[in-house]
Every structure is written in structure tokens, then in C-alpha cells.
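If you want the building blocks of each chain, they are given just below.
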Amino acid sequence: MDSTSDLIIDSLKEEPIGETDHFIWFITDIGIAALFKKNENFEAYSSNVEIEANKIALDITKEEKEYLKIKKRQLFLFYS
């Protein structure tokens, strides 16, 4: 595993900053991670992520979005 993946996995051990219908939200050293709660289809999660971020007062509209799968965990990483 690379150092980026290690940083993200370590951050997922910390207290989340919020939880929505489909995601558990974490602050990482790289950006904000939206961890998928279940293994559902990518399109459903991708279309809901910005709406759900707003529910916990996060504005991610101007951030880069990257889909990652690390150790069977799926997440979106948002960073500038």
C-alpha cells in the first residue's frame, strides 16, 4: 500500500465529523473523505455525495473528487 492510502486508512480510525444516509465523513491529512456505508452501486453514491455533504454543512462543490477503493473500503476523497 502507498503512503496516501496509509494516511487515509489512519484517518478512518479517528472520530468522524459527521454521518449521512450513505456516508461517514472524515477529515484526513489530504482532504475530506466520504466513506461509503454499504457496497452499493457507484452511480447512486456519486449522485448523492454533494447533497449529503450539504446536510452536514460541508461545501465540496469546488473541490476535486476522487473515487478510491482501499482495503475493500470505498470512498470519495475531496481535496483542493
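Residues numbered from 1 in each chain as written. Predicted model: local features only at pLDDT ≥ 70, side-chain atom pairs only at ≥ 80, totals over all residues. Heavy atoms only, no water.

Engineer: Help me understand the overall build of the protein chain in this model?
Structural biologist: Looking only at helices and strands, the protein chain features 2 helices and 5 strands. Its helices and strands taken in sequence order, the protein chain reads α-β-β-β-α-β-β from the N to the C terminus. For 80 residues, the compact-globule estimate of 2.2 N^0.38 gives 12 Å, and the protein chain sits close to it at 12 Å. Principal-axis analysis of the C-alpha atoms places the extent of the protein chain at approximately 30 × 25 × 25 Å. Burial statistics for the protein chain: of 80 residues in total, 38% are counted as buried. Taking the contacts inside the protein chain whose residues are at least 6 apart along the sequence as the reference set, 47% of them involve residues at least 24 apart. When the accessible surface of the protein chain is summed, it comes to about 5,000 Å², and 46% of that surface belongs to carbon and sulfur atoms. (Helix = DSSP H or I, 4+ residues; strand = E, 2+ residues; numbered from the N terminus. Rg over C-alpha atoms; globule rule 2.2 N^0.38 Å. Buried < 20%, exposed > 50% of the residue type's maximum accessible area, 1.4 Å probe, protein only. Contact = heavy atoms within 4.5 Å. Areas by Shrake-Rupley, 256 points an atom, 1.4 Å probe, with all protein chains shown as cover.)

Engineer: Would you mind showing me how to read the pairing of strand β4 (residues 64-70) here?
Structural biologist: Regular strands place side chains that alternate from one sheet face to the opposite one. Pairing of β4 with strand β5 (residues 73-79) involves 7 bridges; the strand directions are antiparallel. Across the sheet, residue lysine 65 finds its bridge partner in β5, namely phenylalanine 78. Hairpin connection of β4 to β5: 2 residues between the antiparallel strands, including lysine 71 at a positive phi of 50 degrees. (Pairing = 2+ DSSP bridges.)

Engineer: Would you mind going over unusual backbone geometry with me for this structure?
Structural biologist: Unusually for a residue other than glycine, alanine 57 sits at a positive phi of about 65 degrees. Among the secondary structure elements, alanine 57 is positioned in the loop between α2 (42-55) and β4. The backbone phi angle of lysine 72 is positive, close to 65 degrees, even though this residue is not glycine. With respect to the helices, strands and loops of the structure, lysine 72 is situated in the loop between β4 and β5. Judged by its relative accessible area of 73%, lysine 72 falls in the exposed class.

Engineer: I tried to follow the sheet that holds strand β2 (residues 23-27) on my own but got confused; where do I start?
Structural biologist: Sheets are built from strands that pair by backbone hydrogen bonding, the pairs being arranged parallel or antiparallel. In space, the 5 strands of this open sheet follow the order β1-β2-β3-β5-β4, with antiparallel pairing throughout. If you trace the sheet from one side to the other, it starts and ends with β1 (18-19) and β4, each paired once. By the bridge criterion, 5 bridges tie β2 to strand β3 (residues 32-36) in an arrangement that is antiparallel. Among the inter-strand pairings, isoleucine 27 is bridged to a residue of β3, identified as isoleucine 32. Sheet strands in contact with helix α1 (residues 3-11) are β2, β4 and β5, and its direction is about 85 degrees off that of β4. The strands that α2 touches are β2, β3, β4 and β5; relative to β2, the one it contacts most, it runs at about 60 degrees. (Axes fitted to C-alpha atoms, helices over the stretch in contact; angles between N-to-C directions.)

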